[in-house]
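# Structural description and commentary
The residues making up each chain are set out below.
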Amino acid sequence: MTSACPAQPPTPLVRLPPLSERVTDPDEEIFILYTTSSRAGDAGGLGYLDGSAPVVSVRLPALPHSAKSAASGKPGRRRAGREKERGTEKTEEREIGVFQDPGSLKNRKGDTGSVVWRSSVYLARLLLSSPDPASSIPPLLDPSHLYTSTVLELGSGTGFLPLALSSLVAHWLATDQHASLPLIHKNIQSSTSSSSSRISVHELDWSALLTFSRLRPYTLPHEPDLIIAADCVFNAALLPALRAALDEFALVRKTVVIMVVELRSEDVLREWVRVWLEGERWEVWRVGKEAVGELAEGFVVWAGWRTR
């Protein structure tokens, strides 16, 4: 059911636009997603930018003025001092280089974290873009609250998102399985931005959380205000473990989850919605397309928070 005034998350960090809809039924949600997206399952390839290149260059909007003072040089490995025409305006852009591991993508069974994915790039562009002063739609994440927030990223892969966005936050906790950590460290260490000091890297195997003793809770150096999961819904067998990770780290009525998924398998997405809603501990909303930029077609952006 569409709500003209959606319930807002329990933190001013995240702001849902008017056309957001609450998710309550897996079948209904999947029907809506695959009948209203013109690019569902047809964005090209599996969803990565280039699966064969050892380094990919990603062009992004320049850092907002409020974040530029946090960067002491060129973000990532490369930067292009370019300006892009937009009507009569000129918007600065920057370019970052990201190391990949194409060999692992081809040879390591189940590997998805060794390359940069479209969903992460589109999310970074969305969060870095300056709000349109003529629009009544506020940005999905409030910049002033984001700047003092701790972000926990599940499935950091190459470490692209913290490279692109760490200047916007207080702390970025990048997590992934042990095999992915060297690539994340390599990319962060290659950065000449002082904001890379805000990034910490942590080993996290979601599956371990299903059997982890409550006498030995998994700890992080900071409690997350925001959890980001970009294209983490692939393998149906891992969905209970992903839910376990959200349950483990999301604080009740405090932490908000932003999940971005490219629309591929209907069955896997339907199962994920079912798993996420199971037990009625989470309130989940599909973010209105008017607020998600390039993610409006072929992707879904969900926002969720624990209610108990």
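Report follows, based on the coordinates. (Residues numbered from 1 in each chain as written. Predicted model: local features only at pLDDT ≥ 70, side-chain atom pairs only at ≥ 80, totals over all residues. Heavy atoms only, no water.)

As for its placement among the helices and strands, serine 156 is situated in the loop between β5 (150-154) and α6 (160-165). Within polar-contact distance, the side chain of serine 156 engages the side chain of glutamate 153 at 3.0 Å. Beyond its immediate chain neighbours, meaning those up to four positions away, serine 156 contacts Ala174, Thr175, Asp176 and Ile184. (Helix = DSSP H or I, 4+ residues; strand = E, 2+ residues; numbered from the N terminus. Polar contact = N/O pair within 3.5 Å; in protein donor to acceptor, adjacent residues only side chain to side chain. Contact = heavy atoms within 4.5 Å.)

Turning our eyes to something else, we now look at the sheet that holds strand β7 (residues 199-203). If you walk across this open sheet you meet the eight strands as β1-β10-β11-β9-β8-β5-β6-β7, and the pairing is mixed. Looking along the sheet, the strands with just one partner apiece sit at the ends: β1 (21-23) and β7. Ignoring which end each strand starts from, the neighbouring axes of this sheet average 25° apart. As judged from the five bridges shared by strand β6 (residues 171-176) and β7, these two strands associate in the parallel manner. In the sheet register, threonine 175 faces β7, and the bridge partner there is histidine 202. Lying over the sheet, helix α1 (residues 26-36) contacts β1, β10 (282-286) and β11 (299-306), oriented at roughly 150° with respect to β11. Across the sheet, helix α8 (residues 239-249) is in contact with β5, β8 (226-230), β9 (256-262), β10 and β11; its angle to β5 comes to roughly 165°. (Pairing = 2+ DSSP bridges. Axes fitted to C-alpha atoms, helices over the stretch in contact; angles between N-to-C directions.)

Summed over all chains, the structure comprises six aromatic pairs. Ring geometry for tryptophan 117 against phenylalanine 234: centres 5.3 Å apart, planes inclined by 65°, an arrangement best described as edge-to-face. Note that tryptophan 117 is positioned in the loop between α3 (102-107) and α4 (118-128) and phenylalanine 234 in the loop between β8 and α8, a separation of 117 residues in sequence. In textbook terms, an aromatic cluster arises when at least three aromatic residues are bridged by ring pairs, as seen for Trp272, Trp276, Trp282 and Trp302. The aromatic ring of phenylalanine 99 is capped on one face by lysine 186, whose charged end is 4.3 Å from the ring centroid. (Phe/Tyr/Trp six-rings, centres within 6.5 Å; stacked < 30°, edge-to-face > 60°. Lys NZ or Arg CZ within 6 Å of the ring centre and 35° of its normal.)

Two side chains bearing opposite charge may form a pair once their charged atoms approach each other closely. Per the stated rule, a full pass over the model turns up 17 salt bridges. The partner of arginine 286 in a salt bridge is glutamate 29, and the shortest N-O contact between them spans 2.7 Å. Of the two residues, arginine 286 is situated in strand β10 and glutamate 29 in helix α1; the sequence distance between them amounts to 257 residues. Residue classification places glutamate 29 among the buried positions, given a relative accessible area of 2%. For arginine 270, the salt bridge goes to aspartate 267, with nearest N and O atoms at 3.1 Å. Residue arginine 270 and its partner aspartate 267 are both found in helix α9 (residues 266-277); the two are separated by three residues, about one turn of the helix. Through salt bridges that share partners, Asp27, Glu266, Asp267 and Arg270 make up one connected network. (Salt bridge = Lys/Arg side-chain N within 4 Å of Asp/Glu carboxyl O. Buried < 20%, exposed > 50% of the residue type's maximum accessible area, 1.4 Å probe, protein only.)

At aspartate 231, a residue that is not glycine, the phi angle is positive and equals roughly 55°. Considering the arrangement of structural elements, one finds aspartate 231 in the loop between β8 and α8. For arginine 253, which is not glycine, the phi torsion reads 55° and is therefore positive.

A word on the nonpolar core. Membership of the largest hydrophobic core comes to 51 residues, with the highest contact counts inside it found for Phe160, Leu161, Leu165, Trp172, Leu226 and Leu295. With seven residues, the top contributor of residues to this core is α4. Not counting the four nearest positions on each side in its chain, tryptophan 172 is found in contact with Val151, Glu153, Leu161, Pro162, Leu165, Arg198, Ile199, Ser200 and Ile228. Listed in part, the 38 residues of the second largest apolar core include Leu154, Val257, Trp272 and Trp302. (Core = buried A, V, L, I, M, F, W, Y, C linked by side-chain atoms within 4.5 Å.)

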